Amino acid sequence: MNATVATAIFAAFMVLTVVLGLLAVRGRGSGTEGQPEGLPGKGGGGRRAGLTEWSVGGRSLGTVFIWVLMAGESYTSFSYLGAAGWGYNFGAPVLYVLAYMSCGYAIGYVVGPMLWAYARRHGLVGITDIVAHRYRRPWLGAAVAVLATVCLLPYIQLQITGMGVVVSTISYGTISLNWAYFIGFAVTTGFVVVSGLRGSAWVSVLKDVLVIATLGFLAVYVPLHYFGGYGPFLDRIVAEKPQWLTFPGHASGGLGQSWFITTTLINSLTVVIFPTTVAGYLGARNADVLRRNAMYLPFYNVLLFVPMLLGLAALFVVPGLTGAGSNLALFTMVVDSLPAWAVGVIGVAAALSSIVPMAVFMLVIGTMWGRSVLGAVPRLASRQKLWSQLVVVVAGALALVLTYVAPNTLVRLSLISYEGMAQLVPMLLLGLVWRRLTMYAAVSGLVAGFALVCVLVFGGHDPVWGVNAGIVGLTVNVAVALAVTWLGPRERGDDRPDTEVLALEDEFPRAGAAASGSD
């Protein structure tokens, strides 16, 4: 009976998710693909259903939709599984998530409007577009698309895996892991192919309502039910588990203060240029939406304390969890102590926390390939949206198949995902504010930094001397880029004005200065 109730609730919400995603594009025009996509006045807003409408919501999303969309990207299945698991296994080091997200939002207050204005001015729809335009090398945009895909695919698999674990657990084992994986892929693909970024934003509203409600409930229920309140709960942690409350944490392998500071720094820089974050930026109605969003998003991070604390609570409630089992610390308590209907609702919130970011990851990969790889072929350029949608299906299916047959392949690649993406920071951000940075310098720095990160991470040297390997790679990246800029070959033949090449301050309009749109 418990399995039937929880599974029925889950199924009902999955149907609602697909319906919401499809309703998001109701009334949107059908647009033609034969015209150049994303150019100002040709798909930058309004009701065309071309690549710009599909990939960045027609650049018309307001504060609420941008807030829930970008919060959805940061609040994934990791928040229910990994955050609780890290709290259970290590303790204090898990707080790096709160630190880097909050610092990243502060950096995004400046970077978000800069990228939004630059992309809107030149009719661009993603980081590969921006790179290709800045350096006048379409092949460079295609190369960045390949690199970003390598770094993003593991996140799709991680969300599929996370959802599978959640669904199998809340169904009391009735739904197998393999079927749960497929459900996650099918539901996500079902709405994102049709509705794109706008559909993800609509589903994010449902997800956030459930996340806030369920975590708010668990934050009160678990300490009261198992410990009699927060006072006894915290007293017991201090008395019995003091190692979990200080750096480097319990058995964390040396994740001390230096690691915490450098990881916060590298991740806060990376998150603002992460392709999924940039997709959120470019979907905004105007630059002030992004400024307000940067101020509001840290409030959402408060919720991350809940699974972290509940992971610590699980140390006393379900001791002895090891390996991947520690990621189920939170859900083990939920299934053991709550009625089936509550288990179902909490499971839906966690499942949607996988579906929303997975949808954006798939959409971004599709957009990069449809625009900068396949779209760069003259014979295919007129059908960029179609190719993007096909790549979404292919990318999701590839991650699903690898989840079944070779789960460790993408998991191993995930070790370099964030630190590898960090190596794009000089090419993208430095290149948009400093014209002297040449294509040769940007590429040389990227290759040097990425290669060093791979050597350190796959060689088992992360952290290196207590420092995040990504920051070491980024330091080398910048040093090489500067050296090649000053000592290497000069860029020839680029006579474009600075307004065409750089993201200048006067490009960042305040409220009312940009084209308006509707949610």
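Residues numbered from 1 in each chain as written. Predicted model: local features only at pLDDT ≥ 70, side-chain atom pairs only at ≥ 80, totals over all residues. Heavy atoms only, no water.

A few points about the overall build of the chain
Here is step 1: Secondary structure summary: the chain contains 23 helices and zero strands in total.
Here is step 2: Relative to a compact globule of 519 residues, whose C-alpha radius of gyration would be 24 Å, the chain shows 23 Å and is just as compact.
Here is step 3: Over its C-alpha atoms, taken along the principal directions, the chain stretches across nearly 70 × 55 × 45 Å.
Here is step 4: Burial analysis of the chain (519 residues in total) assigns 59% to the buried set.
Here is step 5: The long-range share in the chain, meaning contacts at least 24 apart out of those at least 6 apart in sequence, stands at 82%.
Here is step 6: As presented, the chain carries roughly 19,200 Å² of accessible surface, and 68% of it is formed by carbon and sulfur atoms.
Here is step 7: Between the averaged position of the 29 positive side-chain charges in the chain and that of its 21 negative side-chain charges there is a distance of 7 Å. (Helix = DSSP H or I, 4+ residues; strand = E, 2+ residues; numbered from the N terminus. Rg over C-alpha atoms; globule rule 2.2 N^0.38 Å. Buried < 20%, exposed > 50% of the residue type's maximum accessible area, 1.4 Å probe, protein only. Contact = heavy atoms within 4.5 Å. Areas by Shrake-Rupley, 256 points an atom, 1.4 Å probe, with all protein chains shown as cover. Lys, Arg positive; Asp, Glu negative; His and termini not counted. Charge placed at Lys NZ, Arg CZ, Asp CG, Glu CD.)

Some thoughts on helix 12 (residues 275–282)
Here is step 1: Across the eight residues that make up helix 12, a large majority, eight, are buried.
Here is step 2: Of the positions making up helix 12, those classed as buried are Pro-275, Thr-276, Thr-277, Val-278, Ala-279, Gly-280, Tyr-281 and Leu-282.

Concerning empty space enclosed by the protein
Here is step 1: Considering all chains together, one arrives at one cavity of 30 Å³ or more under this definition.
Here is step 2: A volume near 90 Å³ is recorded for the largest cavity.
Here is step 3: Lining the largest cavity we find Ser-55, Val-56, Val-125, Gly-126, Ile-127, Pro-275, Val-278, Ala-279, Leu-363, Val-364, Thr-367 and Met-368.
Here is step 4: Those elements giving two or more residues to the lining of the largest cavity turn out to be helix 2 (51–56), helix 12 and helix 16 (340–373).
Here is step 5: With four residues, helix 16 is the single largest residue contributor to the lining of the largest cavity.
Here is step 6: Here the lining of the largest cavity is composed, by residue class, of nine nonpolar, three polar and no charged. (1 Å grid on protein atoms, 1.4 Å probe; cavity = no way out; pocket = protein on both sides within 12 Å on 5 of 7 lines; lining within 4 Å. Points joined across faces, edges and corners; volume = space filled by probe spheres on them. Nonpolar A, V, L, I, M, F, W, Y, C, P; charged D, E, K, R; others polar.)

Structural notes on helix 14 (residues 305–317)
Here is step 1: With 13 residues, helix 14 ought to run about 18 Å at 1.5 Å a step, and its terminal C-alpha atoms sit 18 Å apart, in line with that.
Here is step 2: In terms of burial, helix 14 is a largely internal element, 10 of the 13 residues being buried.
Here is step 3: Looking only at helix 14, the buried set comprises Val-306, Pro-307, Met-308, Leu-310, Gly-311, Leu-312, Ala-313, Ala-314, Leu-315 and Phe-316.
Here is step 4: Packing partners of the buried residues in helix 14 comprise helix 4 (77–80), helix 5 (82–89), helix 6 (96–122), helix 9 (177–227), helix 10 (230–240) and helix 15 (329–337). (Expected span 1.5 Å × (residues − 1).)

Quick look at the packing of helix 6 against helix 12
Here is step 1: Taken N-terminus to C-terminus, the directions of helix 6 and helix 12 make an angle of 70°; their axes are 9 Å apart at the nearest point. As the angle between them shows, helix 6 and helix 12 are arranged roughly perpendicular. Viewed along their axes, helix 6 and helix 12 form a crossing whose handedness is right-handed. Two secondary-structure elements touch here, helix 6 through Gly-108, Gly-112, Leu-115, Trp-116 and Ala-119 and helix 12 through Val-278, Tyr-281 and Leu-282. (Axes fitted to C-alpha atoms, helices over the stretch in contact; angles between N-to-C directions. Parallel < 35°, antiparallel > 145°, perpendicular 65-115°, else oblique. Left-handed = near helix turned anticlockwise from the far one by under 90°.)

Concerning the confidence of the model for the chain
Here is step 1: Averaged over all residues, the pLDDT of the chain is 88; the fraction at 70 or higher stands at 92%.
Here is step 2: In the model of the chain, helix 18 (residues 407–413) stands out as the element of lowest mean pLDDT, 71, in contrast to helix 22 (residues 469–487), which has the highest, 97.
Here is step 3: In this model, residues 30–49 is a region of pLDDT below 50 whose contacts with residues beyond four sequence positions or in other chains number 49 contacts.
Here is step 4: Confidence over residues 511–519 falls short of pLDDT 50; this stretch has 21 contacts with residues more than four positions distant or in other chains. (pLDDT = per-residue confidence, 0-100.)

Structural notes on the pattern of salt bridges
Here is step 1: One pass over the full model with this rule turns up 10 salt bridges.
Here is step 2: A salt bridge links Asp-129 to Arg-371, with the nearest nitrogen and oxygen atoms 2.7 Å apart. In this pair, Asp-129 sits in helix 7 (residues 127–135) while Arg-371 sits in helix 16, placing the two residues 242 residues apart along the sequence.
Here is step 3: What makes Asp-129 buried here is its relative accessible area of 8%.
Here is step 4: Note on Arg-371: relative accessible area 13%, which makes it buried.
Here is step 5: Connected through shared salt-bridge partners, Arg-136, Arg-435, Asp-494, Arg-496 and Asp-498 make up one network. (Salt bridge = Lys/Arg side-chain N within 4 Å of Asp/Glu carboxyl O.)

Considering the nonpolar core
Here is step 1: Judged by nonpolar contacts, the single largest core of 168 residues is most densely connected at Tyr-80, Leu-115, Ile-156, Leu-218, Leu-424 and Met-427.
Here is step 2: Considering every element that reaches this core, the biggest residue donor is helix 16, with 20 residues.
Here is step 3: In this structure, Met-427 is in contact with Val-131, Tyr-135, Leu-140, Val-144, Ala-442, Val-443 and Leu-446, ignoring residues within four places of it in sequence. (Core = buried A, V, L, I, M, F, W, Y, C linked by side-chain atoms within 4.5 Å.)

Things to note about the packing of aromatic side chains
Here is step 1: With the rule as written, the count across this model stands at 20 aromatic pairs.
Here is step 2: For the ring pair Tyr-155 and Phe-274, a centre distance of 5.8 Å and an interplane angle of 85° mean the geometry is edge-to-face. A residue pair is termed long-range when its members are at least 10 positions apart, and Tyr-155 in helix 8 (residues 138–170) and Phe-274 in the loop between helix 11 (257–271) and helix 12 qualify at 119 residues. By the burial criterion, Tyr-155 is buried, and Phe-274 matches it.
Here is step 3: Measuring from ring centre to ring centre gives 4.9 Å for Phe-227 and Phe-233, while their planes differ by 35°; the resulting arrangement is tilted. In this structure, Phe-227 and Phe-233 share a single accessibility class: buried.
Here is step 4: Each member of the aromatic cluster is reached from another via a ring pair, and the members are Trp-86, Phe-90, Tyr-96, Tyr-100, Tyr-155, Trp-259, Phe-274, Phe-361 and Tyr-418.
Here is step 5: Against the face of Tyr-135 rests Arg-134, its NZ or CZ located 4.5 Å from the ring centre. (Phe/Tyr/Trp six-rings, centres within 6.5 Å; stacked < 30°, edge-to-face > 60°. Lys NZ or Arg CZ within 6 Å of the ring centre and 35° of its normal.)

Considerations on the packing of helix 9 against helix 14
Here is step 1: Here helix 9 crosses helix 14 at 25°, and the two axes come no closer than 10 Å. Between helix 9 and helix 14, the crossing angle belongs to the class labelled roughly parallel. The two elements helix 9 and helix 14 meet at a crossing, and its hand is left-handed. Across from Leu-215, Leu-218, Ala-219, Val-222, Tyr-226 and Phe-227 in helix 9, the residues of helix 14 making contact are Val-306, Pro-307, Leu-310, Ala-313, Phe-316 and Val-317.
Here is step 2: Partitioned by chemical class, the residues of the contact of helix 9 with helix 14 number 12 nonpolar, no polar and no charged.

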